[in-house]
Amino acid sequence: MFINRTHELAILNQHSRSISSGSRINIALFGLRRIGKTELLLQFKNTTHDNNILIPYINLQKIIPDTEGFVKAYSKELIYETIRQKEQADYPYEIEDLLILASKLGDMETHHVRTLISILKQHEIATEELLELTFAFAQKLAEKHKKKIIFMLDEFQELLQVHPRFLQVMRSITEKQKDVNYWISGSVFSVFNEMLNYKNPFFGQFTRMTLENFDRESTYELIDSTLPFKIAQNHKDKIYKFTNGQPYYTVAVCRKISEQYALDSSINTPQVNFCIMNEIFADTGSINEHFEYILDVSLAKFKNKDRYKTILFLLSQDPATLAAIARHIKKPTGEISNYLKALLRTDLIFRKDSTYHIRNPLFAFWVNNKYLGLGTELTSGKAAEHLLANLEEKYQRVSTELGIAKEFEIKYKLEALYNIKLEKYLKDNIEFDLVGTDGNTAYIFEIKWRNKKTSYKDIDNLIQKINSSEFRTQKKQVIFISRSGYTKSALEFAGQHEVKLLNRHMEKVTIQDS
C-alpha cells in the first residue's frame, strides 16, 4: 500500500528527468525490512510514463541466487520492458519464450539470447564472461532503441551470493555506460554500506537515500486507508505510539482491529491493546511471523544457533558491552567477539561506541518475551495491557535516539554539503553529534531526530556546551538539524546567537518559515 512518500517520489522523479535529459544518476536506497522500499520503487515505475526511459525491475530475493538465475532475470526484464513499450506481451518465464520476444526486436537481441542459451548449456560456465556479456547487453539495447535505462535491483545485497567478484565485474562494465543507470535498494545496512564504502568498487558511484518510518500525519492516513470504519483519535495515537510509524506494523495492527470489530461491532481501548499484543505474539500474527522469519533467515547459516539466541536475549533486556556479555555467558571475550561480529552482519544488532544494541526495539521486546516463554495467545486483557506498558517504556527509552541508518545518511549528506570530514565528538565529558574543521573554522552539528519540535532550550543547551568546550574561543559555525521543526522562540533565539537551522531535508530554516 503506497501512502504519502511524496518527498521521496519527487526526488526520484527529478532524477529521472535529469536522466532523460542526458545525466547519469545511480541511486542507493536503504531501508530496514518492510519499510516500503519496494512499494516506492514500483510506484515510481508504474507512474512514470516517459517513452524515452525503460525501467526494468528485479527483486533479487525472488530469483535463484546464482549467476544463471541473475543473467536470465536481467535479460528477461530488459527485453520484456522494451517490448511492452511497443505492444502487449506475456512475461517470458521460460528462456524459449524470451527467444520469441527477442526475435520481435531484431537480430541483436536474438543473438544475445541465443548466445546466453548456448553458454548456459555448457558443462563449465565462464561466469565472469557471462556477467560481462549480460551487463554489456543493456548499453547495446539502449543505443539501438535510443532509450535511457533505469535498472532497479531490489535487495541488492543478495548479489553477493552470485559470484565473489560480482561487484568488480559489474563496475568494470557499467562505469563506461552512458545510458544505463542502476537504482539499487538494500535492507541489511551493514552489508549494503560495506558494498558502497571506500574499499569497494562502487564507492562514490551512488546517490544515497534512506527510507524512514512515517510521521504521525502519514500514519493516520495509513490507518484511515486500511480500516473500513473510523476509530477514535486516542486509538490512532496509541497505534502510532506502538508502531513508531512503521507502515507494515501499522497495517498489521489495523487488520487485527478490523477482525475484532467484525466480532464485537465496536472497538475500545482494552481491545486495541489486546489487538496490538496479540498481533505480536499469536502464531498467526503478521508481526510475529515477520520476526520469526527475520530470526530464521538471519541465523540460517550459523552453527550453534542457541548461543546467538542467548546473546540476543541478553541484549533484548538492555544494551551491553562485549565484556558484560562474555561475563553473563561465561565464555572468553574472543569467542563472544566472533559471535557479535557475525550478528552485526545480519543487522539484528548494531554497535554504538563500545555497546551493542538490538536495532529494532519492537523486535527486542518480542525476543525478550518469547524467550521467557510467553504463550502463543494472550487470553487476558490485563496481560495485554501490562505487556503494552512495558513496550511503551522500552520505546520511551529509545525514542530520542537517532537510528544508525539515518545517522549515517545525515553524516554523508552534511559532508557533501559542507565539503568537510565529520566525526562524532566526545572529550572531557562533552559530546557533540558531529564536528569537522575547514581551515581555522570548526563546524559543530547538533541533531534532534524526534517527533517533537526543537525549543529554544535545546539550542541554549548546545550553546552552553560549546561555551564549556575547547571550541569556546575558536572561529566556528554552529548548525542545528531538527526532524520536526522549531518553535517560534527557537527560531528567534537561534537568530540572536548565529545558529544556523536546518530541517529534516538539510534545507535552511529561517524566522520567516514560522
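The coordinates are above.
Residues numbered from 1 in each chain as written. Predicted model: local features only at pLDDT ≥ 70, side-chain atom pairs only at ≥ 80, totals over all residues. Heavy atoms only, no water.

Draft legend 1. Highlighting the overall build of the protein. A count of helices and strands for the protein gives 21 helices and 15 strands. A globule of 514 residues ought to have a C-alpha radius of gyration of about 24 Å, and the protein, at 26 Å, matches this closely. Dimensions of the protein, computed from the C-alpha atoms along their principal axes, are close to 70 × 65 × 55 Å. Residues counted as buried form 52% of the 514 residues belonging to the protein. Counting only contacts in the protein whose residues sit at least 6 apart along the sequence, the fraction spanning at least 24 positions is 68%. Here the protein has roughly 24900 Å² of accessible surface; of this, 47% comes from carbon and sulfur atoms. Positive and negative side-chain charges of the protein, numbering 70 and 64 respectively, have mean locations separated by a distance of 3 Å. (Helix = DSSP H or I, 4+ residues; strand = E, 2+ residues; numbered from the N terminus. Rg over C-alpha atoms; globule rule 2.2 N^0.38 Å. Buried < 20%, exposed > 50% of the residue type's maximum accessible area, 1.4 Å probe, protein only. Contact = heavy atoms within 4.5 Å. Areas by Shrake-Rupley, 256 points an atom, 1.4 Å probe, with all protein chains shown as cover. Lys, Arg positive; Asp, Glu negative; His and termini not counted. Charge placed at Lys NZ, Arg CZ, Asp CG, Glu CD.)

Draft legend 2. View of the packing of aromatic side chains. Following the criterion strictly, the structure yields 26 aromatic pairs and no others. Between Phe-70 and Phe-135, the aromatic rings sit 5.8 Å apart at their centres with planes inclined by 50 degrees, giving tilted as the arrangement. Linking Phe-70 in helix α3 (residues 67-84) with Phe-135 in helix α6 (residues 127-145), this pair joins segments that are 65 residues apart in sequence. Like Phe-135, Phe-70 is buried. On the numbers, 5.2 Å between centres and 55 degrees between planes, the contact of Tyr-425 with Phe-471 is tilted. (Phe/Tyr/Trp six-rings, centres within 6.5 Å; stacked < 30°, edge-to-face > 60°.)

Draft legend 3. Structural context of the side chain of Thr-174. Summarising the element assignment, Thr-174 is placed in helix α7 (residues 166-174). A relative accessible area of 4% places Thr-174 in the buried class. Those residues in contact with Thr-174 that lie beyond four places of it in its chain are Arg-24, Phe-135, Tyr-182 and Phe-202.

Draft legend 4. Spatial organisation of the pairing of strand β9 (residues 355-358). Direction of pairing for strand β7 (residues 320-321) relative to β9: antiparallel, over a ladder of 2 bridges. The partner of Thr-321 across the bridge, within β9, is Thr-355. Summarising the sheet, strand β8 (residues 349-352) and β9 pair through 4 bridges and their orientation is antiparallel. Within the sheet, the bridge partner assigned to Arg-351 lies in β9 and is Tyr-356. (Pairing = 2+ DSSP bridges.)

Draft legend 5. Inspection of the environment of Ile-239 at higher detail. For Ile-239, the location among the structural elements is in helix α10 (residues 233-243). Residues Ile-239 and Cys-254, spaced 15 residues apart in sequence, show a C-alpha to C-alpha distance of 8.4 Å. Each residue touching Ile-239, except ones within four places of it in the same chain, is listed here: Ile-223, Ile-231, Thr-250, Val-253 and Ile-257.

Draft legend 6. Region of interest: the environment of Pro-164. Here Pro-164 shows up in the loop between β4 (148-154) and α7. Using a relative accessible area of 75% as the deciding quantity, one classes Pro-164 as exposed. Put simply, Pro-164 and Gln-61 are 103 residues apart on the chain and 18 Å apart in space, counted from C-alpha to C-alpha.

Draft legend 7. Structural view of the pairing of strand β10 (residues 423-427). By the bridge criterion, 4 bridges tie β10 to strand β11 (residues 430-438) in an arrangement that is antiparallel. Of the residues in β11, the one forming a bridge with Lys-427 is Ile-430.

Draft legend 8. Here's a closer look at helix α16 (residues 333-344). Across its 12 residues, α16 extends 16 Å between first and last C-alpha, which sits within 8% of the 16 Å expected from 1.5 Å per residue. Taken together, the buried positions of α16 are occupied by Ile-336, Ser-337, Tyr-339, Leu-340, Ala-342, Leu-343 and Leu-344. (Expected span 1.5 Å × (residues − 1).)

Draft legend 9. Molecular detail of the sheet that holds β8. One open sheet accounts for 3 strands, arranged β7-β9-β8; its pairing is antiparallel. Both outer strands of the open sheet, β7 and β8, are each paired with one neighbouring strand and no more. The strands touched by α16 are β8 and β9; relative to β8, the strand with the most contacts, the crossing angle is about 110 degrees. (Axes fitted to C-alpha atoms, helices over the stretch in contact; angles between N-to-C directions.)

Draft legend 10. Here's a closer look at a negative patch on the surface. Residues Asp-90, Glu-94, Glu-96 and Asp-97 make up a contiguous surface patch of negative charge. Relative to the helices and strands, Glu-96 resides in helix α4 (residues 95-105). (Patch = residues over 30% accessible without salt bridge, like charges linked within 9 Å, V, L, I, M, F, W, Y side chains within 5 Å. Salt bridge = Lys/Arg side-chain N within 4 Å of Asp/Glu carboxyl O.)

Draft legend 11. Molecular detail of the nonpolar core. Counting residues in hydrophobic clusters, the biggest one holds 55 residues, and the most contacted among them are Ile-280 and Ile-349. If sequence neighbours within four positions are ignored, Ile-280 has contacts with Phe-242, Ile-287, Asn-288, Leu-362, Phe-365, Trp-366 and Leu-391. Counting residues in hydrophobic clusters, the runner-up holds 54 residues, among them Leu-60, Val-71, Phe-135 and Leu-196. (Core = buried A, V, L, I, M, F, W, Y, C linked by side-chain atoms within 4.5 Å.)

Draft legend 12. Here's a closer look at helix α9 (residues 216-226). All of the buried residues along α9 are Ser-218, Thr-219, Tyr-220, Leu-222, Ile-223 and Thr-226. In this structure, the buried residues of α9 make contact with α10 and α11 (247-264).

Draft legend 13. Representation of the pattern of salt bridges within the structure. Counted under the stated rule, the structure contains 23 salt bridges. The residue Lys-37 makes a salt bridge to Glu-155 at a minimum N-O spacing of 3.7 Å. Here the residue Lys-37 occupies a position in helix α2 (residues 37-47), and Glu-155 occupies one in the loop between β4 and α7, the gap between them amounting to 118 residues. For the residue pair Lys-37 and Glu-155, the accessibility class agrees, reading buried in each case.

Draft legend 14. Up close: the state of the cysteines. What the rule picks out here adds up to 0 disulfides. Cys-254 takes part in no disulfide bond, and the closest cysteine sulfur to it belongs to Cys-275, at a distance of 10.0 Å. For Cys-254, a relative accessible area of 0% corresponds to the buried category. (Disulfide = S-S within 2.5 Å.)

Draft legend 15. Looking closely at the packing of helix α1 (residues 6-20) against α2. Contact geometry for α1 and α2: axes closest at 10 Å, N-to-C directions at 45 degrees. Comparing the axis directions of α1 and α2 gives the class oblique. Judged by the sense of rotation from one axis to the other, the crossing of α1 with α2 is right-handed. Side by side, α1 and α2 meet where Glu-8, Leu-9, Leu-12, Asn-13 and Ser-16 of the first sit next to Leu-40, Gln-43 and Phe-44 of the second. (Parallel < 35°, antiparallel > 145°, perpendicular 65-115°, else oblique. Left-handed = near helix turned anticlockwise from the far one by under 90°.)

Draft legend 16. Looking closely at unusual backbone geometry. In the Ramachandran plot, Arg-34 falls in the positive-phi region, its phi being about 65 degrees despite a non-glycine side chain. Its location among the elements puts Arg-34 in the loop between β1 (27-30) and α2. With relative accessibility at 46%, the residue Arg-34 sits in the partly exposed group. Positioned with a positive phi, Lys-146 is a non-glycine residue whose angle comes to about 55 degrees.

Distances and angles like these do not, on their own, reveal function.
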